[in-house]
Amino acid sequence: VSILIDLYNTLKGTVEIVRAGPNLSDPYNRFSYQFRLVSGNDRFEDLDTLRRKEQQILERSRGNDFETNGKLQQQLAMVRAEISTLEHHIIRKLITAMIRAAPAAQRG
């Protein structure tokens, strides 16, 4: 039972369900959802920091000339790559925790 409690504490507050946005199979965005790692709750501080940095770059890029905007786009691409790498790492850790607890969950 302690394994399942540990798993619950590991997963609690880590994921949120958000609308995925319009796409070809759901152009009115009525049925499309995706799971996203939660931000802003200090659960993933490094991820929160990168997402804030991404937002700052987006805000600075508005209204800038082409050359400045090009540099900001490079910075944005780098930050987004870091976010993606970190998200994949976090997701792998969560999946590993679920796999480890699977035998206990099957036993009930």
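Refer to the structure printed above.
Report follows, based on the coordinates. Keep in mind the model is a prediction, meaning the values are calculated, not measured. (Residues numbered from 1 in each chain as written. Predicted model: local features only at pLDDT ≥ 70, side-chain atom pairs only at ≥ 80, totals over all residues. Heavy atoms only, no water.)

**Quick notes on the overall build of the protein**
Alright, step 1. In terms of helices and strands, the protein carries three helices and two strands.
Alright, step 2. Over its C-alpha atoms the protein spans a radius of gyration of 18 Å, topping by over 25% the 13 Å that the globule rule assigns to 108 residues.
Alright, step 3. Taken along its principal axes, the extent of the C-alpha atoms in the protein is 60 × 35 × 20 Å.
Alright, step 4. For the protein, the share of sequence-separated contacts (at least 6 apart) that also reach a separation of at least 24 residues comes to 43%.
Alright, step 5. Positive and negative side-chain charges in the protein, numbering 16 and 13 respectively, have mean positions lying 5 Å apart. (Helix = DSSP H or I, 4+ residues; strand = E, 2+ residues; numbered from the N terminus. Rg over C-alpha atoms; globule rule 2.2 N^0.38 Å. Contact = heavy atoms within 4.5 Å. Lys, Arg positive; Asp, Glu negative; His and termini not counted. Charge placed at Lys NZ, Arg CZ, Asp CG, Glu CD.)

**Looking at the side chain of S32**
Alright, step 1. Tracing the backbone through its elements, the reader meets S32 in the loop between β1 (15-19) and β2 (33-37).
Alright, step 2. Judged by relative accessible area, which is 11%, S32 ranks as buried.
Alright, step 3. Polar contacts involving the side chain of S32 include one to the side chain of N23, which spans 3.2 Å.
Alright, step 4. Those residues within four positions of S32 in sequence are excluded, and the remaining contacts are V18, R19, A20, G21, N23 and D26. (Buried < 20%, exposed > 50% of the residue type's maximum accessible area, 1.4 Å probe, protein only. Polar contact = N/O pair within 3.5 Å; in protein donor to acceptor, adjacent residues only side chain to side chain.)

**Things to note about a nonpolar patch on the surface**
Alright, step 1. A cluster of nonpolar side chains, V15, I17, Y33 and F35, forms an exposed patch at the surface whose accessible area comes to about 460 Å².
Alright, step 2. Contributions of two or more residues to the nonpolar patch are made by β1 and β2.
Alright, step 3. Here V15 shows up in strand β1.
Alright, step 4. Residue V15 is classed as partly exposed on the basis of its relative accessible area, which comes to 41%. (Patch = residues over 30% accessible without salt bridge, like charges linked within 9 Å, V, L, I, M, F, W, Y side chains within 5 Å. Areas by Shrake-Rupley, 256 points an atom, 1.4 Å probe, with all protein chains shown as cover. Salt bridge = Lys/Arg side-chain N within 4 Å of Asp/Glu carboxyl O.)

**Quick look at helix α2 (residues 45-61)**
Alright, step 1. The terminal C-alpha atoms of α2 lie 24 Å apart, and with 17 residues this matches the ideal 24 Å at 1.5 Å per residue to within 8%.
Alright, step 2. Taken together, the buried positions of α2 are L47, D48, L50, R51, E54, I57 and S61.
Alright, step 3. Phi turns positive, to about 80°, at G63, one or two residues after α2. (Expected span 1.5 Å × (residues − 1).)

**As for unusual backbone geometry**
Alright, step 1. At N29, a position not held by glycine, the phi torsion is positive, near 55°.
Alright, step 2. Its location among the elements puts N29 in the loop between β1 and β2.
Alright, step 3. With relative accessibility at 17%, the residue N29 sits in the buried group.

**Some details on the environment of N69**
Alright, step 1. Mapped onto the fold, N69 is located in helix α3 (residues 66-107).
Alright, step 2. For the pair N69 and V1, spaced 68 residues apart in the sequence, the C-alpha separation amounts to 54 Å.

What is shown is where atoms sit, not what they do.
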